[in-house]
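One letter stands for each residue in the lines below.
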Amino acid sequence: MSDSLLLVAMVAVPAVGAAVVAALPRTRTATARQVALGVSLVVLVLAVLATIAFDPDGDRFQLTSSVSWIPGFGVDFALGVDGIALVMLLLVGVLVPVVVLASWEDTAPPNRSMRTFFAWLLLLEACMVGVFAATDVFLFYVFFEAMLVPMYFIVGSFGGPRRQYAAVKFFLYSLLGGLVMLAAVIGLYVASASAGEGTFAFESLRELDIDPGVQRLLFLGFFVAFAIKAPLVPLHTWLPDAGAEAPIGGSVLLVGVLDKVGTFGFLRYCLPLFPDASREFAPYVLVLAVAGVLYAALLAMGQTDMKRLVSYTSIAHFGFIALGVFAFTTEAATGAVLYMVNHGIATGLLFIVVGMLIARGGSRLVGDYGGVASRAPKLAGVFLIAGLASLALPGTNSFVSEFLVLIGSFPTRPVFTVLATAGIILAAIYVLLLYQRTMHGPPRGVLFPATGDDADGGAVPAAPSPAGGGGATTLTKVAAPARATSRLRDLSRRELAVVAPLVALIIGLGVYPQPLIRLIEPAVAATMSDVGADPAGTTPATSEGTD
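These figures come from a predicted structure and were not determined experimentally.

S.K.: When you look at a nonpolar patch on the surface in this model, what are you seeing that I'm missing?
M.R.: A contiguous nonpolar patch, built from Val45, Val48, Leu49 and Ile52 and spanning about 360 Å² of accessible area, is present on the exposed surface. The residue Ile52 is located in helix H2 (residues 29-53) in this model.

Shown next as C-alpha cells:
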C-alpha cells in the first residue's frame, strides 16, 4: 500500500478542529465559527487535492494508507478511495463550509452554546470522511456508529420543539441497524477465518467464496443497517421527524450526506461481498425502492410542514438511487452514484432556502406564507432553482442522474422502471405546489402585517427556533388584531455567499457532468463485475437479474 496522508489528514483535521472549538471559552462564539469555517475549508482543499491526485484509469483503490490497529483480529486503520468514495468526499467538503456559513448568525437555545454546535459539526465531518474512506470493514463499522453521536446532539440540543423525540428516534433506529450489522461483521470475519485468514480487509473479503446460505444471512445483516440509513420504505419513519426537527445545518448534512451512507454501503459492501445473495434479493429490494418513490411522493404532496415535505422528497429520491444500484447495469449504477451527489447538492440548497424563509417568518407551515417573490425576488429565485433541481428539470444536475438511472434500469428492470417514472410526475406536482403557495399570489401570511379582514385574529407562529430556524410549528389562536412580524427582507450578502456555490454546481453539473461521471464509472464497472453483471453495460450474468 502507498503511504498517502491526504485521507488521514481529511479525518484528522476536522477531529482536531472539533477539539479546538470545544476547548474555547463559552462566550467565544465568533472565534468558534471562524475556526469551524477555516477547518472545513481546509478539508475542502484536501478533497480537491485528492481528486487531482486520483487517476480514474488506475488502481481501484488509491491514496491508500494502512496502520495495524488490532493485530490479534486483523483490524487495520486502513483508508483508501475509489471513484465512488471520492465523489462523496467532495460532497462532504462542499456542504460542511456551506452549513457553517448558513449557521453563522444562529443563536443557541438556553443552556446551550453555538461553540458546541460547531464542535459537533466538525466531529461529524471527521466521521463522514472516515466512513467513506475506510477500506477495513471493522473500521467502517466504527465510523458508521460514531456518526450517530454528533448528529444525535445536533438534533437533540439545537433542533425544533420536538427535538428530543426526533433525536432519540433517529438514534434508536440507527443503533438497531448498527447492531444487526455488527453481527454480520462478526460473521464475515468468521467466514474469512474458516477460509484460512481472519481479516476485515475489504479486498481480501471480496475474494472469499462464501456459502450461498451464509451469504444470505450476512447480506441481510448489512442490508438492514443500510436500508435504515438510506432510508428505504418501510424503515424510513425516523427521517421526517429528524429532518423536520433538526436545525437547518443538521438537516442539510443528515439528508445530504448521512443518508448516502446507506446507498454507498449497498454498492461498496452488499454487492461485492455477497454477489449471489444480492442477485437473489434484488427483486424484493426493487419493490421497496419503487414503493418508496411513489409512497413518499404522495405523502410529500399532503404535507403542510415545509421541512417534513422536503424530507419526504428525499425518501422518494432514495428510491431512485436504490433502483439504479439493484438494476445491475453500469449505466444505472453510475446514475445512482451521481444521483447521490446531485441530491445532496439540490436538497441541501432546498433545505437552506426553506430555513432562510423560516428564519424570517418563524413558522414551518406552508400556509403561513404567500407572495414572497414580490418582496424578495432573490430568495424566490434561489427557491425556484432548488425546486426545479429537486424535480429533475432538464438543465439541472439531478436530471442527468435520474435519466441515467431510468435508461440504465429499463433493459433489465422494465416494470420497476416504468412504475418509478410515475414519481417524476408526482415530484413536479409537490415541488411546484410548494413554490406557488409560498412565493406567488398577493402578499399574505406571517411575513406581512395584517390588514382589513386579516386583522380579526390569526395564527401567530412561535419564535423561530435557534440554530438555523429549526422552526416551531405550534400555532396559537389569538384575538389580537395584528399578525405582526418583522418585515420581509431579501437575501443578504452572507446568504448569497451561502447559496451561490450550490446554485453554480446545480447548473454546472446539469450542463457538464462528465468530470464526475469519469471518476465514478470505472469503480461502478468494477462493482458490477463483482456482482456478476456485464461491466460493459446491460446484462446480468444470471437469469435472476431479469424481471
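More follows now that the structure is in view.
S.K.: How do you make sense of the pairing of strand E1 (residues 62-70) when you look at a structure like this?
M.R.: The side chains of a regular strand alternate, residue by residue, between the two faces of the sheet. Of the pairings in the sheet, the one linking E1 to strand E2 (residues 75-81) comprises six bridges and is antiparallel in character. Directly across from Ser65, in E2, lies its bridge partner Leu79. Taking the residues between adjacent antiparallel strands as the criterion, E1 and E2 are bridged by four residues, where Gly74 takes a positive phi near 65°.

S.K.: What am I meant to see in helix H6 (residues 148-158) here?
M.R.: Burial within H6 is extensive, with eight of its 11 residues counted as buried. Looking at H6, one finds that the buried residues are Leu148, Pro150, Met151, Ile154, Val155, Gly156, Ser157 and Phe158.

S.K.: Help me understand the nonpolar core, please; the structure alone is not making it clear to me.
M.R.: As a rule of thumb, nonpolar side chains are buried together in soluble globular proteins. Judged by nonpolar contacts, the single largest core of 193 residues is most densely connected at Phe140, Phe222, Leu253 and Phe326. Broken down by element, the residue count for this core peaks at 18 residues, all from helix H15 (residues 330-361). Other than its neighbours up to four places away in sequence, Phe326 contacts Phe219, Phe266, Leu271, Ser278, Ala282, Val285, Leu286 and Arg413.

S.K.: Sorry if this is basic, but what is going on with the pattern of salt bridges here?
M.R.: Any two side chains of opposite charge can pair, given that their charged atoms come close. Applying the stated criterion across every chain yields a total of 15 salt bridges. Across the pair Arg162 and Asp241 runs a salt bridge whose closest N-O atoms are separated by 3.8 Å. Here the residue Arg162 occupies a position in the loop between H6 and helix H7 (163-194), and Asp241 occupies one in helix H10 (residues 238-245), the gap between them amounting to 79 residues. Residue Glu245 is joined to Arg364 by a salt bridge in which the shortest nitrogen-to-oxygen separation is 3.1 Å. One end of the pair, Glu245, is in helix H10; the other, Arg364, is in the loop between H15 and strand E3 (369-370), and 119 residues separate them in sequence. Each of the two residues, Glu245 as well as Arg364, counts as buried. Shared partners join several salt bridges into a network, and the residues in it are Arg60, Glu203, Arg206, Glu207 and Asp530.

S.K.: Explain unusual backbone geometry here, please?
M.R.: Trans is the common state for peptide bonds, and a negative phi is the common state for residues other than glycine. A cis geometry characterises the amide bond from Ala230 onward to Pro231, with omega recorded as -10°. Inspection of the secondary structure assignment puts Pro231 in the loop between helix H9 (212-229) and H10. Cis geometry is adopted by the peptide bond preceding Pro234, which originates at Val233 and carries an omega value of 10°. The topology assignment puts Pro234 in the loop between H9 and H10. Its identity is not glycine, yet Asn111 carries a phi of approximately 65°, on the positive side. Counting through the fold element by element, Asn111 comes out in the loop between helix H3 (83-102) and helix H4 (114-133). For Asn111, a relative accessible area of 67% puts it in the exposed group.

What counts, and at which threshold
Along each chain, the written sequence defines residue order, and numbers are assigned to residues from 1. Local features in a predicted model are, by the rule used here, given only for residues with pLDDT of at least 70; side-chain atom pairs are given and counted only at 80 or more, and totals for whole chains, interfaces and linings are based on all residues. Hydrogens and waters are ignored; side-chain quantities use all the structure's heavy atoms. Patches here are clusters of residues that have more than 30% relative accessible area and form no salt bridge, with a 9 Å joining cutoff for like charges and a 5 Å cutoff for nonpolar side chains (Val, Leu, Ile, Met, Phe, Trp, Tyr). Each accessible area is a Shrake-Rupley result for a 1.4 Å probe, and residues are judged covered by the shown protein chains and nothing else. Salt bridge, as used here: a side-chain nitrogen of Lys or Arg that lies within 4 Å of a carboxyl oxygen of Asp or Glu. Elements are defined by DSSP. Helices are runs of H or I of four residues or more, strands are runs of E of two residues or more, and each kind is numbered from the N terminus. Strand pairing is assigned whenever DSSP detects at least two bridges linking the two strands. Type-normalised accessible area, obtained with a 1.4 Å probe on protein chains alone, sets the label of each residue: buried when under 20%, exposed when over 50%, and partly exposed for intermediate values. The set of buried Ala, Val, Leu, Ile, Met, Phe, Trp, Tyr and Cys residues whose side-chain atoms join them within 4.5 Å is what this entry labels a nonpolar core. Whether two residues are in contact is decided by their heavy atoms: any pair within 4.5 Å suffices.

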